[in-house]
Amino acid sequence: VLKEAGWSEFEDFEEACFDPSDNASACGFLTNQDRHNMYQIFFVRSVKTDEDGTKTISEESYGLMKELRGMLGVSEEEGVGQIRNFFGPELQIVLTDATEEILRGNTTDALLTNLKENVDKVINDYKLDEEMVRSYAGPLYNRAVEEIGSSTPGGIPSKEEVETLSFLRTLLNISEEETYDVHLTTFGTAYKKAIKEALGTTGVIREEYREPLDDLRARLGMSDEAAKEIYMEAIGERMKPMVEFISNEMERLVLTKDQLAQKRGTDFGEDYFKDGSKASGKLGLGTDGNIMSDIMNLIDFYVENGIVQKEVVGTKKIEKKIPADEEGGEEKTITEEEPIYESTYPITATGMGCIDTPVAELCYRQFVVSSFTDQSPNAARYEASKATFGGILGLTAEKMEEIGSNIGGMVYDNYITQAMSTKSALDQQDMMFLANMQGKLGISAEKGEEMLLDTQKKIISEEASALFDSGAATPEKVKEFREKCNSMGMDLETDVGLTKSRLVNMFSMEITPGIDSGEITMDSADILAEIQESLGLTEEEGEEVVAGLITERANGILADIVGCMLRGMDAVAVESMEKLVQYAAFVDGDLGLTVEESNANKAFNLFESKDWTGVDTEVVEKQKSLLKTAFGMSA
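Anyway, here's the lowdown on the structure attached to this text. (Residues numbered from 1 in each chain as written. Predicted model: local features only at pLDDT ≥ 70, side-chain atom pairs only at ≥ 80, totals over all residues. Heavy atoms only, no water.)

The α-helix winds at 3.6 residues per turn, so residues separated by three or four positions along the chain end up facing the same way. Helix length check: helix 7 (residues 159–172), at 14 residues, gives a terminal C-alpha distance of 20 Å against a target of 20 Å (1.5 Å per residue), a fit within 8%. Listing the buried residues of helix 7 in full gives Thr-164, Leu-165, Phe-167, Leu-168, Arg-169, Leu-171 and Leu-172. Backbone geometry just downstream of helix 7 places Asn-173 in the positive-phi region, at approximately 60 degrees. (Helix = DSSP H or I, 4+ residues; strand = E, 2+ residues; numbered from the N terminus. Expected span 1.5 Å × (residues − 1). Buried < 20%, exposed > 50% of the residue type's maximum accessible area, 1.4 Å probe, protein only.)

In structure tokens:
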């Protein structure tokens, strides 16, 4: 009425007059619960039962409920929810009965038609929306699939069961695509098992098994993408131990027993190595070439199972010559675009985590070396398989190119690296081999000597990085490393590349145990000088390290002395003072300590009154003097 009267502000009448959030509106005085209770009462009264006992709501009642929702501020979603809650059980019953009837088997078109009529009648009578029907139909279908999956032998449904599920999808109006997930969850394991069985002992699926696997996928109701993913998983599981074996063999063949133990955290006896030695093999390759055989088996497995995929990454223009149409005519040249394909590797060794990147690069490097040096009929096959092996490992084209571009230097470097892993210096036999390699690779004597020195520097630098960056450095290992570098005539700073701060830390780390134990004293200053000079430190730098070390230790000992005196542990306090005197001797007592006078006097009296039996008088007075100086007491 208001709208027809021209009151434009009432075009949205319900929003203007029945806003539940506005206390001044027509329904604003009602609570939220009251409004919903009123709608609930009207809804229940609108439901009528016909002669057949079927509950229905007339068209007129639907219209009135819509108007009432607007007047009470009840949303459309809440109205739909009310219908779902009231008529949902009716829908559940008819769908469940129909599903159970289908699962009994012996399904015919007539049965499907009759069941569908029953379902459609409930949907139409109660005006149920599609989303509601799907929410009930989906779980019923999923449950049916799971029941079939749990009861069928080997987890693979029979032809009749597959047909039953097809009828059920039609009944429930569910597309095949919507069921992919439940079919994958239920039958995926059986499909993977079938793939593994098809791989057999050879690890390669023969052609006659491929079509049956495709048929099985369709029978199990899985998508092409899901089946492909399962196929890749099965291939990956078969491939993983192959890669791990190659990785372990590569490490075993190029690392010493100690290096291998350090890397894997396990001690390996000498018999772990095939020939009883620590590491062997030509240029770091597998013993007797066995590892190359394993690599080729891996490549064959990957390629013959169709894992390598070709993808179009671009196009290129090519010219094609067209023969003349008739005798004596002119030949034509046309330009066409051709796709550029690139091989992709959906499963890679590094991607599966069964080999780390450094070892993967090492494996590829050794494979390239073999293709370069091998003189057998396999050489051409190795050469043709380099890119495939790199792709299987997960290396980029750029990384493979980088490795391949320096193959000559790499062969030289590999031999020296392997030789140096078992000894501190190359022997005459090694030098003869390198001289021979220089000729094969066209390397001059000067360049060979330069490469030898560079490789030795690199090995020592890597050893330094492994020692210090891993946090595994100990005084003993630091001393061993320093002496090794000295014996090779390498300067730790300029040749090895250690920073001044790292050298200072090495000096501090090596001398600390000796100073703490009393092995290094002022009387053994020559030991300090020898270590300091071999590290390339100046006398001032060495003195600064010692002073800093002494000062740091002294502050801690002072705290122990005071604490022990407070606790009445005088004997322990005296022992600490003896250690303090030992440190004070390095700096003539000037430890830079701040000691309260009362603590200094008490401590000194304890030290002075200790048992000095058998100690030379001059030594006694010297120690007392050093302690007084350390405590800041007057002489």
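Now that the structure has been shown, we can carry on.
Overall, the coordinates contain 18 salt bridges when judged by the stated rule. Between Glu-237 and Lys-196 there is a salt bridge whose closest N-O contact spans 2.5 Å. A residue pair is termed long-range when its members are at least 10 positions apart, and Glu-237 in helix 10 (residues 224–254) and Lys-196 in helix 8 (residues 180–199) qualify at 41 residues. Since its relative accessible area comes to 40%, Glu-237 is described here as partly exposed. Note on Lys-196: relative accessible area 39%, which makes it partly exposed. Across the salt bridge formed by Glu-510 and Arg-482, the nearest N and O atoms sit 2.5 Å from each other. With Glu-510 in helix 21 (residues 500–517) and Arg-482 in helix 20 (residues 475–487), this residue pair connects regions lying 28 residues apart in the sequence. Within the structure, one salt-bridge network assembled from shared partners comprises Lys-192, Lys-196, Glu-233 and Glu-237. (Salt bridge = Lys/Arg side-chain N within 4 Å of Asp/Glu carboxyl O.)

With the rule as written, the count across this model stands at five aromatic pairs. Relative to Phe-481, the ring of Phe-468 has its centre 6.2 Å away and its plane inclined at 85 degrees; by these criteria the two rings are edge-to-face. Of this pair, Phe-468 sits in helix 19 (residues 445–469) while Phe-481 sits in helix 20, and the two are 13 residues apart along the sequence. Take Phe-481: its relative accessible area is 2%, and that puts it in the buried class. (Phe/Tyr/Trp six-rings, centres within 6.5 Å; stacked < 30°, edge-to-face > 60°.)

With their axes 9 Å apart at the nearest point, helix 20 and helix 21 run at an angle of 120 degrees to one another. As the angle between them shows, helix 20 and helix 21 are arranged oblique. For the crossing formed where helix 20 meets helix 21, the hand is left-handed. For the pair formed by helix 20 and helix 21, the contact residues are Pro-475, Val-478, Lys-479, Phe-481 and Arg-482 on the first element and Met-506, Met-509, Glu-510 and Pro-513 on the second. Residues of the contact of helix 20 with helix 21, tallied by class, amount to six nonpolar, no polar and three charged. (Axes fitted to C-alpha atoms, helices over the stretch in contact; angles between N-to-C directions. Parallel < 35°, antiparallel > 145°, perpendicular 65-115°, else oblique. Left-handed = near helix turned anticlockwise from the far one by under 90°. Contact = heavy atoms within 4.5 Å. Nonpolar A, V, L, I, M, F, W, Y, C, P; charged D, E, K, R; others polar.)

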